[in-house]
Amino acid sequence: LRDVQNFLKEGRVADAKTAWTAFDDNWDNIEDLVKDRSREAYDSIEKNMVTLEKQLMPAMPNVEMVNATIMAINTEYNMIVQQITKEARDANAAK
């Protein structure tokens, strides 16, 4: 998603849309993991992904709106990553 933001900042809308598609395609690989950790976070990410896809449809997306939506996605996503990282550290410490 950082690439989406960077490309839009540079005015490279087609590249931003390609970066979004790559993120969306890779989401399939981890969405069950996120859902298992927090249904609330999963639902929020999914909702914001739909919003982001719509925001990227115009020829020139509203960069501020896109960035706000990406921040919302990243907040929930990073919460899950931190949780998984903590669990892994705790498991290693218990060995």
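Please refer to the structure higher up on the page.
Residues numbered from 1 in each chain as written. Predicted model: local features only at pLDDT ≥ 70, side-chain atom pairs only at ≥ 80, totals over all residues. Heavy atoms only, no water.

Q: Help me understand the overall build of the protein, please; the structure alone is not making it clear to me.
A: Along the protein, the regular secondary structure elements total 4 helices and 0 strands. Going from N to C terminus, the protein has its helices and strands arranged as α-α-α-α. Each principal axis of the C-alpha distribution contributes one length, and for the protein these read about 55 × 25 × 20 Å. The proportion of buried residues among the 95 residues of the protein is 29%. (Helix = DSSP H or I, 4+ residues; strand = E, 2+ residues; numbered from the N terminus. Buried < 20%, exposed > 50% of the residue type's maximum accessible area, 1.4 Å probe, protein only.)

Q: Would you mind going over the nonpolar core with me for this structure?
A: If you look at soluble globular proteins, the nonpolar side chains tend to sit buried side by side. Leu 1, Val 4, Trp 20 and Leu 52 are the most contacted members of the largest nonpolar core, which has 21 residues in total. Residue assignment for this core shows that the elements contributing at least two residues are α1 (2–9), α2 (13–37), α3 (39–55) and α4 (63–94). Sorting elements by how many residues they give to this core places α2 first, with 7 residues. Setting aside anything within four residues of it in sequence, one finds Val 4 in contact with Ala 16, Ala 19, Trp 20, Leu 56, Val 66 and Ile 70. (Core = buried A, V, L, I, M, F, W, Y, C linked by side-chain atoms within 4.5 Å. Contact = heavy atoms within 4.5 Å.)

Q: Help me out: how do you make sense of the side chain of Glu 31 in this one?
A: Tracing the sequence through the fold places Glu 31 in helix α2. Buried and unpaired, Glu 31 has no salt bridge, with Lys 35 as the nearest side chain of opposite charge at 5.6 Å. Excluding anything up to four places from it in sequence, Glu 31 contacts Tyr 42 and Glu 46. (Lys, Arg positive; Asp, Glu negative; His and termini not counted. Salt bridge = Lys/Arg side-chain N within 4 Å of Asp/Glu carboxyl O.)

Q: What is the right way to look at the packing of α2 against α3 in this model?
A: The angle between the axes and the distance between the axes are what describe a pair of packed helices. Running from N to C, α2 and α3 cross one another at 165°; their axes reach a closest spacing of 9 Å. As far as their axial angle goes, α3 and α2 are roughly antiparallel. Two packed elements cross with a definite hand, and for α2 against α3 that hand is left-handed. Between α2 and α3, the contacting residues are Trp 20, Phe 23, Asp 24, Trp 27, Glu 31, Val 34, Lys 35 and Arg 37 on the first element and Arg 39, Tyr 42, Ile 45, Glu 46, Met 49, Leu 52 and Glu 53 on the second. Among the residues forming the contact of α2 with α3, the class breakdown is 8 nonpolar, no polar and 7 charged. (Axes fitted to C-alpha atoms, helices over the stretch in contact; angles between N-to-C directions. Parallel < 35°, antiparallel > 145°, perpendicular 65-115°, else oblique. Left-handed = near helix turned anticlockwise from the far one by under 90°. Nonpolar A, V, L, I, M, F, W, Y, C, P; charged D, E, K, R; others polar.)

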